[in-house]
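What follows is each chain in one-letter form.
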Amino acid sequence: MPRKYYYVLLISLSLFVNTHTFASTKKHFYNNGEVLNTVEINDSTANGPVLTNSDYYGYAVENMGDLDGDQIQDLVVGARLDDNGGNGRGAVHINFMNRDGSVKSTVEINDGTANGPVLINSDYYGTSAGNLGDLDGDGINDLAVGASFDDAGGTSRGAVHIHFMSMDGSVKSSVEINDTTVNGPTLANNDQYGDSLEGIGDLNGDGIPDLAVGSKGDNGGTDRGSMFLHFLNRDGSIKSTVEVNDSTLNGPELSDSDFYGCSITNLGDLNSDGILDLAVGAFGDSTGGTSRGAVYIHFMSTDGSIKSTVEINDETTNGPELSDSDYYGFSIANIGDLNGDKVQDLAIGARLDDNGGTSRGAVHINFMNRDGSVINTIEINDGTENGPVLADTDIFGQSVAYLGDLNNDGIQDLTVGAFGDDNGGTDRGAVHILFMKPFYTLTFLKDTSCKDREPEETTWLQLAPKDNGMYLTWTQYSSDYVDIRIDDGTGSYPWELDKTKNDGHEFLPNVASWQKIKVRGINGCREGDFSAEVSYSSYPIGWYNE
C-alpha cells in the first residue's frame, strides 16, 4: 500500500521595527519501520569471521558498545557449533565495525583463548551473548556468554561465562556461573540455563550492573521455562538470585512447551516509574495457533519482584500477524525510540516465519505505548524493500540487537542473525545490518540577534559507575561548553554543572545509578536543547539521539 508522508513546517513570523530576525531550523528524526539499505556479514566478508560448515554464526548477536574507543559501536556474534578445540564447543566473534557496516577487524573467543572459557564438547558456548556494561569498574564494557548445554552439576544444565574484557577484544579474566555457583541458579538436567541472557543495568540500585539469564527448559511443567535475575558483585560473583517462572506473583501465565526465557531484553524504564522493565520471549506459546509465540512485558520492582505483566501475542490489538510455528519471541531487542514518540520500541524475531519461502524468518517492529500495549507493528522479511535477501531455512530473526545510530544519520539501526545462511558453505551463518530509513519533521525557529552559533543536539551519552559516582561521556558537536543537570529523584534537576568544558567527559561524584542527567550545548549567548533524561539504570550501554 502506498504511503504518504507529510512534513509540517511550523513557522512563527514576528514584525519588529528597525530590527532583524534570522530563521534557524531543527530536524526531528523518526522511522516508521522502513529499511534504507542492508549489509550482510558472512564468511566471505573482508576482515569478517572465518567460518566452517555448521558453525551457526549469527545464533546470537549483541551490541558491545564502543569497545575499541573509536566512537563506533562494535558487535559480538555467537557461533555456537564452532568446533575450535572440540566438537560443538562454540565461539563468539567480536566484529570491530565501520560506520558503513563493513568490518574493520575480528577477534574470536573460544576454548583456546587466553583467560577465556574452559569448554568441553557440545557445550554450545555462544548460544547467547550480552553486554554487561563496565562490571569491574575499569572503564571497559564486559561480556557475558551462554553455554546452554554445559554439564556442570548435571546433563545440559547450562552455564554463563563472564569475561572481563580489554579494548582489543582479548580477555583479562573469566568467571563461570552454573548450578554449583554460590547464590546462583538452582537447576535440573536439561534446563539449558544460558539459552538467553541480558545485561539489565543496575536493577537493585547498588551501583553494580545485574544480569538476567533465561532457562527455557526449566520449571512448573515440561519446558515452561524461567528467567533468573542475578544481583552481581563487581568480581562476577553473585549476591543473590531471583527466579521468575509460572508461579511468580504477577508473572507470566505459562503452559507446557512455551519455552519462556528463550530471549530477554532490558526495556529501560518503559512505564516511567524510575525502575527498569524487562521483556521476555516464549516462542512456543500457542495463543491463536500452535507455537505462534509470545512476548511478556514485565513491569519490575528493584528487588526482582514483578508489579504487573502484559502479554503480546497473535491476538494483541495492533500486534504481530502470525502463523503456526512462526516462533515469534525467539529473539527480542529494545531498539530505543524508533518512531520519535519518546517511548522505547521493540524488535522481535520470528525465526521460522515462511514469508517468501520455508523458514526464511522475519522480524516484527512493535511500536509501543508506556503501558505495554502496541501502537502498530511492521514486519521485516525477505520481501521488504531494501531488506535482507534470504533463502529457505536461513532462519533470519534467530537473534536481533540494537546497534544505535551506526551510520550517523539520526536513526538507530538493527542487527539480525540468520545462522542457517549458506554463504561460503552449509549453515555457516550470517548477520544482516539493517540501516533504518530516516525521516524528519522540520521546524522553523525564530532566531534572536545573537550571532553565536546554535549548538547541535547531543548525539551520545553514557554513564558508567566509578568511585561512588558516575563517569559521564558525551558527544556534543559545535559547542564550546555544556550544561549538565542532575535529578534528585523528583524530576526537578536542582544540581547543575554550568559551562563545563566540552571535552566529552566528566566525573559526577555521589551520583547513583537511578539518578537522571541531561546535557545541552552552550555557545556564548546561545543555548541548545537538553538531551533526553538518562540514568545508568535506564541506559546501561549508553543513549543515542533519536
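Residues numbered from 1 in each chain as written. Predicted model: local features only at pLDDT ≥ 70, side-chain atom pairs only at ≥ 80, totals over all residues. Heavy atoms only, no water.

1. Observations regarding the nonpolar core
So the rule is basically this: What makes a nonpolar core is a set of buried Ala, Val, Leu, Ile, Met, Phe, Trp, Tyr and Cys residues whose side-chain atoms join them at distances within 4.5 Å. Each residue gets one of three labels from its accessible area relative to the maximum for its type: buried under 20%, exposed over 50%, partly exposed in between, using a 1.4 Å probe on protein chains only. For the purposes of this entry, the term helix denotes a DSSP run of H or I that reaches at least four residues, the term strand denotes a run of E that reaches at least two, and both are numbered from the N terminus.
In terms of nonpolar packing, the biggest core is built from 22 residues, with Ile-335, Ile-365, Phe-396 and Met-436 touching the most fellow members. Contributions of two or more residues to this core are made by β21 (362-368), β22 (374-380), β23 (396-404), β24 (413-418) and β25 (430-436). Val-244, Leu-254, Tyr-260 and Ile-306 belong to the second largest nonpolar core, which has 18 residues in total.

2. Looking at the pattern of salt bridges
Pairing between side chains of opposite charge can happen when the charged atoms of each approach one another. Which entries qualify depends on this criterion: A pairing counts as a salt bridge when a side-chain nitrogen of Lys or Arg comes within 4 Å of a carboxyl oxygen of Asp or Glu.
One pass over the structure, following the stated rule, counts 20 salt bridges. Here Asp-246 and Arg-224 are joined by a salt bridge, their closest N and O atoms 2.9 Å apart. Residue Asp-246 is located in the loop between β14 (238-244) and β15 (260-268), and its partner Arg-224 is located in the loop between β12 (210-215) and β13 (226-232); the two are separated by 22 residues in the primary sequence. Overall, the relative accessible area of 26% leaves Asp-246 in the partly exposed class. Of the charged contacts, one joins Asp-273 and Lys-307 as a salt bridge, the two residues approaching to 2.7 Å between their closest N and O atoms. Placement of the pair is Asp-273 in the loop between β15 and β16 (277-282) and Lys-307 in strand β18 (residues 306-312), with a sequence separation of 34 residues. With relative accessibility at 29%, the residue Asp-273 sits in the partly exposed group. Through salt bridges with shared partners, a single network forms among Asp-483, Arg-485, Glu-496, Arg-520 and Glu-527.

3. Observations regarding the environment of Ser-323
Mapped onto the elements, Ser-323 comes out in the loop between β18 and β19 (328-334). As for Ser-323 and Asp-82, which are separated by 241 residues in sequence, their C-alpha atoms are 32 Å apart.

4. Quick look at the domain arrangement of the protein
Worth spelling out the cut-off: Each domain's limits were defined by an automated method or a database of domain assignments. Between two residues, a contact is recorded if the distance between any of their heavy atoms is within 4.5 Å. Accessible area that two parts lose when put together, evaluated with a 1.4 Å probe and summed over both, is termed the buried area. The term polar contact refers here to a pair of N or O atoms within 3.5 Å; inside protein, the definition further demands a hydrogen-donor-capable atom paired with an acceptor-capable atom, and it admits residues adjacent in sequence only when both atoms are side-chain atoms.
The domain boundaries assigned to the protein delineate domain 1 (52-245), domain 2 (247-438) and domain 3 (440-545). Placing the centre of domain 1 and that of domain 3 at their C-alpha centroids yields a distance of 32 Å. The interface is formed by 15 residues belonging to domain 1 together with nine residues belonging to domain 3. Approximately 930 Å² of surface area, both sides summed, lies buried where domain 1 meets domain 3, with 48% of it carried by carbon and sulfur atoms. Among the residues domain 1 hides against domain 3, the three largest losses belong to Gln-73, Asp-134 and Asp-202. Together they make up 32% of the total. Applying the counting rule to domain 1 against domain 3 returns zero salt bridges. For the interface between domain 1 and domain 3, the tally reads three residue pairs in polar contact (both at pLDDT 80 or more). At the level of secondary structure, the elements contributing two or more residues to the side of domain 1 that touches domain 3 comprise β7 (125-133) and β11 (193-201).

5. Re the sheet that holds strand β27 (residues 460-466)
Spelled out, the test is: In this description, strands pair whenever DSSP reports at least two bridges between them.
Ordered by their spatial adjacency, four strands build an open sheet running β31-β28-β27-β34, and the pairing between neighbours is antiparallel. Taken across any chain shown, the strands that pair with only one partner, and hence form the sheet edges, are β31 (505-509) and β34 (543-544). Examined bridge by bridge, strand β28 (residues 469-475) and β31 share five bridges and lie antiparallel to one another. Within β31, the residue paired with Tyr-471 across the bridge is Phe-507.

6. Re the sheet that holds β16
Going by this rule: Axis angles are defined between N-to-C directions and span 0 to 180 degrees, where every axis is a line fitted to C-alpha atoms and, for a helix, only to the segment in contact.
Spatially, four strands are ordered β15-β16-β17-β18 in an open sheet, and the strand pairing comes out antiparallel. On the outer flanks of this sheet lie β15 and β18, each paired with one strand and no other. Here the strands of the sheet are splayed against their neighbours by 25° on average, with no regard to which way each runs.

7. Here's the deal with the environment of Tyr-471
With respect to the helices and strands, the residue Tyr-471 is situated in strand β28. Separated by 40 residues in sequence, Tyr-471 and Val-511 have C-alpha atoms that sit 9.2 Å apart. Those residues in contact with Tyr-471 that lie beyond four places of it in its chain are Gln-462, Leu-463, Ala-464, Lys-466, His-505, Glu-506 and Phe-507. Polar side-chain contacts of Tyr-471 include one of 3.4 Å to the side chain of His-505.

8. Here we look at the confidence of the model for the protein
Condition: How sure the predictor is of each residue is captured by pLDDT, a score from 0 to 100.
The share of residues in the protein with pLDDT of 70 or more is 94%, and the mean pLDDT across the chain is 91. In the model, residues 1-23 has pLDDT below 50 throughout and makes 28 contacts with residues more than four positions away in sequence or in other chains.

9. A word on the side chain of Thr-248
If you trace the backbone, Thr-248 turns up in the loop between β14 and β15. Note on Thr-248: relative accessible area 19%, which makes it buried. From its side chain, Thr-248 meets the backbone nitrogen of Asn-245 in a polar contact 2.8 Å long. Excluding anything up to four places from it in sequence, Thr-248 contacts Glu-243 and Ile-306.

10. Digging into the pairing of β12
In terms of burial, β12 is a largely internal element, six of the six residues being buried. Residues Asp-210, Ala-212 and Gly-214 of β12 are buried on one face, and the alternating residues Leu-211, Val-213 and Ser-215, pointing to the opposite face, are buried as well. Bridging between β11 and β12 involves six bridges; their strand directions are antiparallel. By the bridge assignment for β12, Glu-198 is matched with Ala-212. Pairing geometry for β12 and β13, over five bridges, is antiparallel. Bridged to Ser-215 within β13 is Ser-226.

11. Remarks on the packing of aromatic side chains
Quick reminder of the rule: Between the rings of Phe, Tyr and Trp (Trp by its six-membered ring), a pair exists once the centres lie within 6.5 Å; its type follows the angle of the planes, with under 30 degrees stacked, over 60 edge-to-face, and the other angles tilted.
Tallied over the entire structure, the rule returns 14 aromatic pairs. Here Tyr-56 and Phe-419 contribute two aromatic rings whose centre-to-centre distance is 4.3 Å and whose plane-to-plane angle is 45°, an arrangement assigned as tilted. Taken together, the positions of Tyr-56 in the loop between β2 (35-41) and β3 (57-65) and Phe-419 in the loop between β24 and β25 put the pair 363 residues apart, joining distant regions of the chain. Grouping residues by exposure puts Tyr-56 and Phe-419 together as buried.

12. Here we look at the side chain of Thr-384
If you trace the backbone, Thr-384 turns up in the loop between β22 and β23. One polar contact links the side chain of Thr-384 to the main-chain amide nitrogen of Asn-381, over a distance of 2.8 Å. Here Thr-384 is in contact with Val-35 and Glu-379, once residues within four sequence places are set aside.

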